[in-house]
Amino acid sequence: MRALVISGGGSKGAFAGGVAQYLLEHKKHKYDIVIGTSTGSLLASHLALKKVDKIKAAYTSVTQDDIFSSCPFLIKKKKGIETIKINHVTVLRNILNGSKTFGTSFNLKKLIKSVFTEAEFFELKHSNIDVVVTVANLSINQVEYKSIKDFDYDEFCEWIWISCNYTPFMSLVKKNGCEYADGGLGSMVPIEEAIKRGATVVDAIILQTEITQFNRMPSLNAFSLLTNMFAFMLDRIEKQNIRIGKYVASHNNAIIHFYYTPTVLTTNSLIFDKEKMTSWWQSGFDFAKYRNEEMSQIEEG
């Protein structure tokens, strides 16, 4: 069994889309399992359906307004560098209205259902491909994996949305008596889960560089400090997931092919820019092509 695993990474998911496009269209890989966390969960269903052009068009054109019904930050561009600062009016309004988060992301929920149709859902549900999304159950301190096989259309779309809710900047969802948030808070790279579900070959797309690089802008305000702190924690979770994935693979005779980003794509993955994301998609495609050609030369040598 072969699995495609896509890590979390916000706008950097465009790079993952490009890698997956090459693996699907040029390497002709057929996946039995497609499992994603956060931004990876947004890509999973259409990649499983091999509807690359559709998800590429939707993914690379998304804007802040398509995601946030109430955006808690403002984007400032200075000397060609984009930074964020707190949107005091929006955050204060949310607090006064009793919101538990600085912003809300109900627009993303609507976008998911407009792009991923009910017909596509049933096509996948009745196929042999298992599409799985990762969510964090904050109430019981557990990571949960939600398979398309276990839910109806509305429920599965909601799980996709929950998987992407990067709290406290996006919505916190109460469901089945529990509070749920972004799956990346517990499992950024769910390689272990893919192997547990039977995968013997895993293509893992990691939306970080393999070697640690300086990729954080100095904290300019309390809000940017908070995003930097969360990014630091998620980076540590990601590295731990990869170590565990390698360990599990070695004990189950599974093979993992890693696709890291070759360079730092952005210092803030909450900023969605059409031009950059289109470029990252192409970069992912080109990198996957280069890496596979390199591997072929090594094998032949």
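Residues numbered from 1 in each chain as written. Predicted model: local features only at pLDDT ≥ 70, side-chain atom pairs only at ≥ 80, totals over all residues. Heavy atoms only, no water.

Caption draft 1: Expanded view of the overall build of the protein. Counting secondary structure elements, the protein contains 11 helices and 10 strands. Scaling as 2.2 N^0.38, a compact globule of 301 residues should have a C-alpha radius of gyration of about 19 Å, and the protein matches this with 18 Å. The principal-axis extent of the C-alpha atoms belonging to the protein is close to 60 × 45 × 35 Å. Here the protein holds 301 residues, and 55% of them are scored as buried. If you take every contact in the protein between residues at least 6 apart in sequence, the share linking residues at least 24 apart comes to 77%. When the accessible surface of the protein is summed, it comes to about 14,100 Å², and 53% of that surface belongs to carbon and sulfur atoms. In the protein, 35 positive and 31 negative side-chain charges are present, and the distance between their average locations comes to 5 Å. (Helix = DSSP H or I, 4+ residues; strand = E, 2+ residues; numbered from the N terminus. Rg over C-alpha atoms; globule rule 2.2 N^0.38 Å. Buried < 20%, exposed > 50% of the residue type's maximum accessible area, 1.4 Å probe, protein only. Contact = heavy atoms within 4.5 Å. Areas by Shrake-Rupley, 256 points an atom, 1.4 Å probe, with all protein chains shown as cover. Lys, Arg positive; Asp, Glu negative; His and termini not counted. Charge placed at Lys NZ, Arg CZ, Asp CG, Glu CD.)

Caption draft 2: Structural view of the packing of helix α2 (residues 39-48) against helix α3 (residues 52-59). Where α2 meets α3, the axes come as close as 8 Å, and the angle between the chain directions of the two elements is 150 degrees. If you check the angle between α2 and α3, you find them roughly antiparallel. Crossing angle aside, the handedness with which α2 passes α3 is right-handed. Contacts from T39, L42, L43, H46 and L47 of α2 reach α3 at V52, K54, I55 and Y59. Its residues assigned to classes, the contact of α2 with α3 shows six nonpolar, two polar and one charged. (Axes fitted to C-alpha atoms, helices over the stretch in contact; angles between N-to-C directions. Parallel < 35°, antiparallel > 145°, perpendicular 65-115°, else oblique. Left-handed = near helix turned anticlockwise from the far one by under 90°. Nonpolar A, V, L, I, M, F, W, Y, C, P; charged D, E, K, R; others polar.)

Caption draft 3: The arrangement of the pairing of strand β1 (residues 2-6) in detail. Counting buried positions over the five residues of β1 gives five, a clear majority of the element. Neither face of β1 is exposed, since R2, L4 and I6 on one face and A3 and V5 on the opposite face are all buried. The pairing of β1 with strand β2 (residues 33-37) spans four bridges and is parallel. Counted as the bridge partner of I6 is G36 from β2. (Pairing = 2+ DSSP bridges.)

Caption draft 4: Representation of empty space enclosed by the protein within the structure. All told, the structure shown has two cavities of 30 Å³ or more when counted by the stated rule. Roughly 40 Å³ of volume is contained in the second largest cavity. Lining the second largest cavity are 10 residues, with K12, Q208, T261, V264 and L265 sitting closest to its centre. Among the residues forming the lining of the second largest cavity, the class breakdown is three nonpolar, six polar and one charged. (1 Å grid on protein atoms, 1.4 Å probe; cavity = no way out; pocket = protein on both sides within 12 Å on 5 of 7 lines; lining within 4 Å. Points joined across faces, edges and corners; volume = space filled by probe spheres on them.)

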